[in-house]
Amino acid sequence: MNNKHLLTADEFSPEQLKALFEHADAMRTTLTDEKARKELATKHIDKQVCSLFYEPSTRTRSSFEAAAMKLGMGVVSTENASEFSSAAKGETITDTTQVLNQYGFSAIIIRHPQTGAVAEAASVSEAPIINAGDGKGDHPSQSLLDTYTIYRKFGRLNNLRVVMGGDLRNGRTVRSLAKILAKYQGNHLVFVSLPELQMADDIKEILTATGTTFEESSEMEQAFKNADVIYWTRLQKERLQGDASISSGGFVIDKNSLKYIDEHAIIMHPLPRVGEITEEVDADPRAIYFEQAGNGLYIRMALLDGMVC
Amino acid sequence: MNNKHLLTADEFSPEQLKALFEHADAMRTTLTDEKARKELATKHIDKQVCSLFYEPSTRTRSSFEAAAMKLGMGVVSTENASEFSSAAKGETITDTTQVLNQYGFSAIIIRHPQTGAVAEAASVSEAPIINAGDGKGDHPSQSLLDTYTIYRKFGRLNNLRVVMGGDLRNGRTVRSLAKILAKYQGNHLVFVSLPELQMADDIKEILTATGTTFEESSEMEQAFKNADVIYWTRLQKERLQGDASISSGGFVIDKNSLKYIDEHAIIMHPLPRVGEITEEVDADPRAIYFEQAGNGLYIRMALLDGMVC
Amino acid sequence: MNNKHLLTADEFSPEQLKALFEHADAMRTTLTDEKARKELATKHIDKQVCSLFYEPSTRTRSSFEAAAMKLGMGVVSTENASEFSSAAKGETITDTTQVLNQYGFSAIIIRHPQTGAVAEAASVSEAPIINAGDGKGDHPSQSLLDTYTIYRKFGRLNNLRVVMGGDLRNGRTVRSLAKILAKYQGNHLVFVSLPELQMADDIKEILTATGTTFEESSEMEQAFKNADVIYWTRLQKERLQGDASISSGGFVIDKNSLKYIDEHAIIMHPLPRVGEITEEVDADPRAIYFEQAGNGLYIRMALLDGMVC
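None of these values were measured; they are calculated from a predicted model. (Residues numbered from 1 in each chain as written. Chains lettered and ligands numbered in written order. Predicted model: local features only at pLDDT ≥ 70, side-chain atom pairs only at ≥ 80, totals over all residues. Heavy atoms only, no water.)

Caption draft 1: Structural detail: the relation of the copies chain B and chain C. When chain B is brought onto chain C, the operation consists of a screw motion whose angular component is 120 degrees and whose axial shift is 0.0 Å, with 0.0 Å RMSD remaining. Each copy turns onto its partner about a three-fold axis. (Least-squares fit on C-alpha atoms with pLDDT ≥ 70 in both.)

Next up, the structure:
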């Protein structure tokens, strides 16, 4: 990382990504050995992190908190800061951040519904700020675990055919993954969605500028042909106000869809899903979305371990 | 326990209950000695539990969390998972459970408003699942602390006259306690309630099948005669939708009621109470409901210590 | 302190305040040294505190929790006990407190919207109860950190000219600070507010009885002249039901106001602010409200360390 905060995954160069993934691998290995694991559990015993969530999240918050605890850190947690905090009294996020800085936290993990709010917090913070998702903006630890998952399976992040499906316009995970893949040579992206939810122009411009090829499609099964990675997402209803007419339509991966997917491919999803991958797919070895979620633990341990020194 | 999860108290045989109670006693002793207590506080330092509460609970959550911490475990806590989690986005409990499994929790403690939801979670979980109450279903750690409280006072769980009062139809604590007492010889149960809230047939059938005698009564004070244990409960208004006409009526234990209760008897209540035992009763040595709550700490320590190996 | 609970800051004599401030200074020093900090982080490893917040609060809860963790204690936390607990089922605070006492907490930190509720809890508690704010009542750790902040800057708590502004009638911080300053010789207080929000008579009587001089003013800038301490507060809208017509009016400290404030003076605010001190003031060295908040960490560490022995 170029600076002490983690605001976007874009700031990672391929070299830095590689170093992070090696750190995550080391964390994974450490956890398999009881003696090493107990030692790690006191490594940062004098440190605390604060998790400040202005929006619901089970998986992100709990994996960050589990990661912090496995490193020996204490966790002060706020499940719904919008409702249960001085934010309810009208305090700005910069004031809240400046106060939390006074309490000696080694990192402050923030989720916020407004794009840019976390960067605003970082602008006044001595303590490292971790963006755990800011509206339509970024969710870098998710992007990093996505990338890590692909890297672990293929040993590379270049020359991959990656199909992305769902709400590509608003989905921060697919937008961010596309930007990271554009840093590597020879990737080809296939965007499967409804026309009104297709990948936005800003991302397409980055792809074009970096020579990363892409195509759009509304034919899911045809798109799967020769894919290495299928990255599926839900239609984020909470971001589609008043657009209830849009449904996941034909974009459901079920047992039948598996016939169109290569043996060596992987099926990813940032979760939660709400039907766009049916449960009968879970047992298929190509379906690695739970393993993918689990990679978040090691990535978050590596991030915290690296940031709080 | 026959398996790694704790879903109902029924699964405990008398031998297993005895072993659990001895484990709880050992925990109690350990906490009285500073050196032993500090040692215990690092025993499971490399482990974390997740408490996932889809429904309010101060006492169950806080005693499980205190228990975990006294054993050295870290706790990732969700106070109201229904509102502040991916459940709000429509995720199933099995998906949530599978994700939490990826984060290396040594146990997942779940409270859920729907009967059976916790068992569903357990069906996909490698990590031990602890049912901390599932609607009208079970609340095994409560039943175990109830049983432990009786065992500590009388040194036995057989040949007891046990009066149960309140909402027996819907109350999971009384239902569960009746089932456990049916595993022992010579117990006699007296059910005191309004006709419409009397003990349900499924429990009565178990009692009959095991030769455990019982009677129904609507005369509280008469029922108290010769009782060893009086287990009182509130009318759980949150389970009685649209039945506001039912009140605790005559079933309030107050100072006057104490005259009808034997010297050696104990008065229990799972708490919270909302008037069905008046505060003037608290000072009476037979009133042991706070001590009963406290037994929950040792039982939960024993459960966690036994499950996370 | 005269007793094991911390209910009001009034109970501290000047000698006890001095001892507390020295304890807070020692905590501050300990945290600057890694070895000492790590030792401290296991000092109370066998202890847990419970934070029970019936009302929103980021700063108080998170600083108490961080303080507890820096001393090695575990924290069981309830962010919004009104909604997510047995209080929702109608349990009294004394019952809740008696149950929490059974779980072996070394301290219970309570915020409650009703004045007197925390004292009620203390009346049945063996475990030390810390009042973290009870409605219009007290918020002693805030008053102690305010006093500590003044003491650190001036080396004394007597012979000070202290201007207090904002909602003096309802603001518990200004009321409490006035009472503490009345214990020392030679202080002069200037109360700046709208007539309907001026300092209440009970406080004025204490000032008169102790020979502490004071004046009322509605001229902010004139009041600042020769002041040592300017303690500014917001109009607590949540306490002013139906009085929406009252605004912070002329009582906003902005860059221009700084001209009227002495070089050696300090500008304090309990935070959160909602406009009554503009952000352009933050960079001025006299503006110490964030540092003031930070002093809360050391005061809370000293309190917890002193109470849980």
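Caption draft 2: A look at the pairing of strand β8 (residues 229-232) of chain B. Residues and elements named next belong to chain B. Of the two faces of β8, the one lined by Val229 and Tyr231 and the one lined by Ile230 and Trp232 are each fully buried. The pairing of β8 with strand β9 (residues 266-268) spans three bridges and is parallel. Residue pairing in the sheet places valine 229 in a bridge with isoleucine 266 of β9. (Buried < 20%, exposed > 50% of the residue type's maximum accessible area, 1.4 Å probe, protein only. Helix = DSSP H or I, 4+ residues; strand = E, 2+ residues; numbered from the N terminus. Pairing = 2+ DSSP bridges.)

Caption draft 3: Spatial organisation of the side chain of aspartate 228 of chain C. All names here are of chain C. Within the element layout of this structure, aspartate 228 appears in the loop between α9 (220-224) and β8 (229-232). Within the local environment of aspartate 228, its side chain forms a polar contact with the side chain of histidine 264, the two groups lying 2.5 Å apart. Excluding residues within four positions of it along the chain, aspartate 228 makes contact with Phe154, Arg156, Asn159, Leu160, Arg161, His264, Ala265 and Ile266. (Polar contact = N/O pair within 3.5 Å; in protein donor to acceptor, adjacent residues only side chain to side chain. Contact = heavy atoms within 4.5 Å.)

Caption draft 4: Examining the pattern of salt bridges more closely. Residue and element names in this part refer to chain B. Enumeration according to the criterion identifies 57 salt bridges over all chains in this entry. The shortest N-O distance in the salt bridge between aspartate 46 and lysine 47 comes to 3.9 Å. Accessibility expressed as a relative area gives 5% for aspartate 46, which makes it buried. Take lysine 47: its relative accessible area is 13%, and that puts it in the buried class. Residues arginine 61 and glutamate 79 are paired through a salt bridge, measuring 3.8 Å at the closest nitrogen-oxygen approach. Taken as a pair, arginine 61 in helix α3 (residues 59-70) and glutamate 79 in the loop between β2 (74-78) and α4 (93-101) lie far apart in primary sequence, 18 residues in all. Glutamate 79 matches arginine 61 in its accessibility class, with the two residues each being buried. (Salt bridge = Lys/Arg side-chain N within 4 Å of Asp/Glu carboxyl O.)

Caption draft 5: Geometry of the sheet that holds strand β4 (residues 129-134) of chain A. Spatial strand order, β2-β1-β3-β4 (chain A): four strands in an open sheet with parallel pairing. On the outer flanks of this sheet lie β2 (74-78) and β4 of chain A, each paired with one strand and no other. Sheet twist, expressed as the mean angle between neighbouring strand axes with direction ignored, is 15 degrees. Inspection of the sheet shows strand β3 (residues 107-112) of chain A paired to β4 of chain A by four bridges, in the parallel sense. Opposite isoleucine 108 of chain A, over in β4 of chain A, you have isoleucine 129 of chain A as the bridge partner. Contacts from helix α10 (residues 289-307) of chain A reach β1 (48-53), β3 and β4 of chain A, with the element oriented near 145 degrees to β4 of chain A. Contacts between helix α3 (residues 59-70) of chain C and the sheet are confined to β1 and β2 of chain A, with β2 of chain A contributing the most and set at about 165 degrees to the helix. (Axes fitted to C-alpha atoms, helices over the stretch in contact; angles between N-to-C directions.)

Caption draft 6: Summary view of the sheet that holds strand β1 (residues 48-53) of chain B. All names here are of chain B. The strand order β2-β1-β3-β4 describes an open sheet built from four strands, whose pairing is parallel. Edge positions in the sheet fall to β2 and β4 (129-134), since each has one partner strand and no second. Between one strand axis and the next, the sheet turns by 15 degrees as a mean value, whatever way the strands run.

Caption draft 7: Quick look at the interface of chain B and chain A. Contacts between the two partners involve 29 residues from chain B and, on the opposite side, 35 residues from chain A. Overall, the association of chain B and chain A removes approximately 2700 Å² of surface from exposure, summing both partners, and the carbon and sulfur fraction of that is 54%. Our enumeration of links across chain B and chain A arrives at three salt bridges. A salt bridge links aspartate 95 of chain B to arginine 273 of chain A, with the nearest nitrogen and oxygen atoms 2.6 Å apart. The interface formed by chain B and chain A holds 10 residue pairs in polar contact (both at pLDDT 80 or more) in total. Looking at the side of chain B that touches chain A, the elements with two or more residues in it are β1, β2 and α4 of chain B. Its residues assigned to classes, the side of chain B that touches chain A comprises nine nonpolar, 13 polar and seven charged. (Buried area = accessible area lost by both parts, 1.4 Å probe. Nonpolar A, V, L, I, M, F, W, Y, C, P; charged D, E, K, R; others polar.)

Caption draft 8: Inspection of the interface of chain B and chain C at higher detail. Across the contact, 35 residues belong to chain B and 29 residues belong to chain C. The contact between chain B and chain C buries some 2700 Å² in all, and 54% of this surface belongs to carbon and sulfur atoms. By the criterion of area lost to chain C, the three top residues of chain B are Thr58, Glu79 and Phe290 of chain B, representing 22% of everything that side buries. If you look at where chain B meets chain C, you find three salt bridges. At the boundary of chain B with chain C, the tally comes to 10 residue pairs in polar contact (both at pLDDT 80 or more). Among the secondary structure elements, those contributing two or more residues to the side of chain B that touches chain C are α2 (34-43), α3 and α10 (289-307) of chain B. Here the element with the most residues in the side of chain B that touches chain C is α3 of chain B; it accounts for eight residues.

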